[in-house]
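Tertiary structure, described
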Amino acid sequence: MIPLNARGTAHLLDEQILGKIVSEEEPHWRSRIRLVRRWNELGDVSGYRAIVCGESPGKAVLEAMALPVLHGVPVDHLGDGDVVVLDPSGHVRTLYRRASPHNSLFATDRCNSLCLMCSQPPRKVNDDWRVQEMLDTIALIDPSSRELGLTGGEPTILKAGFLSVVDACKTQLPETSLHVLSNGRLFRYDSFARALGDLHHHDLMIGVPVYADTDDRHDHVVQARGAFEDTILGLHNLARHQVPVEIRVVVHRHTYKRLPQLADFIYRNLTFASHVALMGLEIMGFARANLETLWMDPTEYREQLEEATLFLATRGMNVSIYNHQLCTIPETLWPYARKSISDWKNEYADVCADCAARTACGGFFASVVQSKRMPRLAPIRFPDVGLPTA
Amino acid sequence: MKATFFRTPEAFKPQRTGYEFLPFRFMRWPNGQVFLSNDVGEWLFLTSEAFIRFTEGSLPVDEEVYADLKAKHFLTDSASRLPLELLATKYRTKKSFLDGFTSLHMFVVTLRCDHTCPYCQVSRVTTDRARYDMTLETAAMAVSFMFRSPAPMLKVEFQGGESLLNFDVIRWIVEEVSRRNEAEQRAIQFVIATNLSSITDEMLDFCRVHDVHLSTSLDGPAFLHDTNRPRPGRDSHARLCANLARAREALGHDRVSALMTTTAESLRWPNEIVDEYVTRGFDAIFLRSISPYGFAIRTRNAFRYESDAFLDFYKRGLARVLEWNRRGTPMVEVFSQILLRKILTPFPTGYVDLQSPAGAGISALVYNYDGDIYASDEGRMLAEMSDKSFRLGHLHSDAYEDVMGGPRLRTIVDQSCQEVMPGCSECAFMPFCGADPVYHWATQGDLMGHRPSSAFCRKNMGIIGHLLEQIADGDEATRRVLTSWAVQ
């Protein structure tokens, strides 16, 4: 697990500084945040916006420094091109890691749903400032990044702010795909869906959860009456305005039973979906609070998972299984299993040490390993994996 | 963290008791179950007991069958506009074959033929080119007429007689269509229907260069094919096999397809016919019933057979095709494939002979050798029996607007909407079937026709019911094969 936050001591830091990390002295990067491990690595510091230093220099040295400095902070996770925020409290918050394929902008803490298993429980706060932070971040992200996420909370709650972020991604990151996690509800307003479509982002995908083939069961999972209607109408509006959509289904005790029927519903009513992701539970946030009613061992729903996956795959729909360890799903589903867990959340269990399929397996959410709910694992031996038996 | 503010599933149940029906049709099944379908082709089987409770309005909300009916849009229990929105979208999708308007254009370039098939409706063995060949002048008018269609996809199909006997006109049309398409920018597909008996290397070379597909006739093994399709020397099958190899060599294996016609004699040989298609390397067979037009009607005593006999033949043939699949030889029965696409997918089919409204005229047009325009191939065959009911006009004297907007075509379309046809409007198989006004006109003297005595209806009902049983109760391997056809 890789930390995204670190804390040290701030010097001359009166307000937040958002900037891009540079670890070597280069003239054209002089408006950046200079990163060093030891103070004596610093050369000419003129022109930098701030300095981040692993060790804490002496008091006298600091007082002679006219630039903002954040020192005594773990820096091993920081690298060239990363975008960070330095806070007067001493926190270094990473917004973008250039070396990682899993970067997401965090749009807002607010949400108009309250999903039983939300990994990032919403908060009712005014965090409209995040729009500017996202725009500032986008301006500093390496344009050769392949993918960027946009998540929350519910990003579309920012309305015009959401559109401006997508537009900034389009103009400033023309080679980067943008993947938005949204409940899709606000797209029931056709004008909003059209406004997004009219941006003509070059590679946009809206990932939208659908948890059931009927409104009552879906609305229960997201704890909002009318949400199913909003979401399905929203998906249709997005499709009408040629915005690609992905359907995301989290499988747990409230959703597993009608998974095959949900697959049928998706095929018949959301035929236009570019991708369907069937996902295991991440034990974070509300999922932890509701674990007793949500959790079931993946091996207990393998039948439904297999039927739904193969139903969609047979019909030419692009389907993936996320967050499942290979040994918990039938071998027929292995071609659809993806290593989907972000690198900073991903771990393996002790028994995985001698598993033959470990490198092909997505492993676990760190949160699952830490919880007491470990799936029934069966490390795979080589003879299991397609080697002929005598 | 303990979250106690979450509400239970019960809190999200419908706010009112009871439900309303959305439009559906039903049919009782011999095993006591009830088959339900709706306009968009969603369907399910209910037990008789569940069906009664459903229709009485007493089905409890927490039963799985309630959720099944709700998810497939047979009932609604709220004021939400979602079910109607989804039904509307699905209906539009199923009817989207209407969007492009006429896309299949058949050019009958000659009536002359070297075969004397007794089931053939139109051919002539003659050397009278002046009388039975399409002229360049007529061909030019047909091409212009075709380009008046707004369809983004145009399929140009050459028919006969033996179409290759007037190859010069075929060549001219292909070149002219290609030339005009540089400006028109449609997706064009060329197909020549031919018995291959007179195909030359020069013709094959032309087909290769212009990406022209060939569709030939194969009725079964030699003994059957040569009985069905006599020609001087009784060598139709032998010539076909030899020329098939040449054509595949020149154009590529999958550029040559074959159609079979079922005769009274064929009914005895379903396995042999299917096996012949496998032997000849075809991966698809279309088990077509004999058409009642032209010569076929005139010699009805020799060719008439009950639709039940055909059904039996069809089921045996289909079983044989499935058997080949089980043994590892992939093969499709095309009529089942068309029906299964309607049954198992949200998509329409491009098959013009099983639509509502019927494809006659609005999906397909025939330009006859003499300049007459017909609404369908069967319509021009009927005309050969001096019934010109489906003649829409003439290339030399009638404008596009008058032909396509005229009273005759309007009547055909009016009278071929299953949704309002007696016997169809309440049939649970309606979303999978289609109307055939030409057939019913020819056999019953009425465009809509009388369903209880219609062989067309009896045949389609039998096949659709058979396929539904295979999907619902068939073994896993069969279901997998049938599903794979539908989604190809």
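A quick note: this is a predicted structure, and the numbers were derived from the prediction, not measured.

The rules behind the values
Residues numbered from 1 in each chain as written. Chains lettered and ligands numbered in written order. Predicted model: local features only at pLDDT ≥ 70, side-chain atom pairs only at ≥ 80, totals over all residues. Helix = DSSP H or I, 4+ residues; strand = E, 2+ residues; numbered from the N terminus. Rg over C-alpha atoms; globule rule 2.2 N^0.38 Å. Buried ≥ 20, exposed ≤ 12 C-beta atoms within 10 Å, placed from the backbone. Contact = placed C-beta atoms within 7 Å. Axes fitted to C-alpha atoms, helices over the stretch in contact; angles between N-to-C directions. Parallel < 35°, antiparallel > 145°, perpendicular 65-115°, else oblique. Left-handed = near helix turned anticlockwise from the far one by under 90°. Nonpolar A, V, L, I, M, F, W, Y, C, P; charged D, E, K, R; others polar. Pairing = 2+ DSSP bridges. Domains from an automatic or database assignment. Right-handed = clockwise from strand over helix to strand, strands pointing away. Expected span 1.5 Å × (residues − 1). pLDDT = per-residue confidence, 0-100.

With that settled, consider the overall build of chain B. Assigned secondary structure in chain B consists of 20 helices and 16 strands. At 25 Å, chain B has a C-alpha radius of gyration in line with the 23 Å of a compact globule built from 488 residues. By residue count, 44% of the 488 residues in chain B fall in the buried class. In chain B, of all internal contacts separated by at least 6 residues, the share reaching a separation of at least 24 is 70%.

This part is about the overall build of chain A. When its secondary structure is counted, chain A shows eleven helices and 17 strands. Relative to a compact globule of 390 residues, whose C-alpha radius of gyration would be 21 Å, chain A shows 23 Å and is just as compact. Seen along its three principal axes, the alpha-carbon backbone of chain A occupies a region of about 70 × 60 × 35 Å. Every one of the 390 residues in chain A was classed for burial, and the buried ones make up 46%. Look at the contacts in chain A between residues 6 or more apart in sequence, and 70% of them connect residues 24 or more apart.

Next up on the list: the packing of helix H19 (residues 455–473) of chain B against helix H20 (residues 476–486) of chain B. If you want to describe how two helices pack, look at the angle between their axes and the distance between the axes. All names here are of chain B. At a closest axis distance of 8 Å, the pairing of H19 and H20 adopts a crossing angle of 125 degrees. Regarding the angle of H19 to H20, the classification is oblique. As for how H19 packs across H20, the hand of that crossing is left-handed. Taken together, the residues of H20 that come into contact with H19 (itself represented by Leu467, Gln470 and Ile471) are Thr478, Arg479 and Leu482. Among the residues making up the contact of H19 with H20, the classes are represented as three nonpolar, two polar and one charged.

Ordered by their spatial adjacency, nine strands build an open sheet running S12-S10-S9-S8-S7-S6-S14-S15-S16 (chain B), and the pairing between neighbours is mixed. Lying at the two open borders of the sheet, with one neighbouring strand each, are strand S12 (287–288) and strand S16 (391–394) of chain B.

Further remarks concern the domain arrangement of chain A. Residues and elements named next belong to chain A. Splitting chain A by domain gives domain 1 (5–95) and domain 2 (104–384). Residue-level contacts link five residues of domain 1 with six residues of domain 2. Among the residues forming the side of domain 1 that touches domain 2, the class breakdown is three nonpolar, one polar and one charged.

Residue and element names in this part refer to chain B. The sheet contact formed by strand S8 (residues 187–193) and strand S9 (residues 212–217) spans four bridges and is parallel. In the sheet register, Ala193 faces S9, and the bridge partner there is Ser215. One crossover worth recording links S8 to the parallel S9 by way of helix H7 (residues 201–209), and it is right-handed. Where S9 meets strand S10 (residues 256–261), four bridges bridge the pair, whose relative direction is parallel. Bridged to Ser217 within S10 is Leu259.

Moving on, we get to helix H3 (residues 82–94) of chain B. With 13 residues, H3(B) extends 18 Å from end C-alpha to end C-alpha; this agrees with the ideal 18 Å at 1.5 Å per step. Lining the buried residues of H3(B) we find helix H6 (227–240) and helix H7 (259–269) of chain A together with strand S5 (75–76) of chain B.

Before going further, it helps to spend a moment on the domain arrangement of chain B. All names here are of chain B. Domain annotation for chain B reports domain 1 (15–94) and domain 2 (101–404). With centres defined by C-alpha atoms, the gap from domain 1 to domain 2 works out at 41 Å. Taken together, the contact pairs four residues of domain 1 with five residues of domain 2. When grouped by side-chain class, the residues that make up the side of domain 1 that touches domain 2 number no nonpolar, two polar and two charged.

Confidence in the prediction for chain B averages 93 pLDDT; 96% of positions are at 70 or higher. Overall, residues 298–304 of chain B carries pLDDT values under 50, and its contacts beyond four positions in sequence, including any with other chains, amount to six contacts.

Our focus in this paragraph is the interface of chain A and chain B. Chain A puts 26 residues into the contact, and the matching count from chain B is 23 residues. Every element with two or more residues in the side of chain A that touches chain B is listed here: helix H5 (215–222), H6, H7 and helix H8 (286–289) of chain A.

Next up on the list: the confidence of the model for chain A. Put simply, chain A has an average pLDDT of 91, and 95% of its residues get 70 or more. Contacts for the low-pLDDT stretch residues 386–390 of chain A, under 50 throughout, to residues beyond four places or in other chains number two contacts.

The next subject is the environment of Arg37(A). Residue and element names in this part refer to chain A. Mapping Arg37 onto the fold places it in the loop between strand S4 (33–36) and strand S5 (50–53). Spatially, the C-alpha atom of Arg37 lies 46 Å from that of Glu292, the residues being 255 residues apart in sequence. Ignoring sequence-local partners within four residues, the contact set of Arg37 consists of Gly54, Glu55 and Val75.

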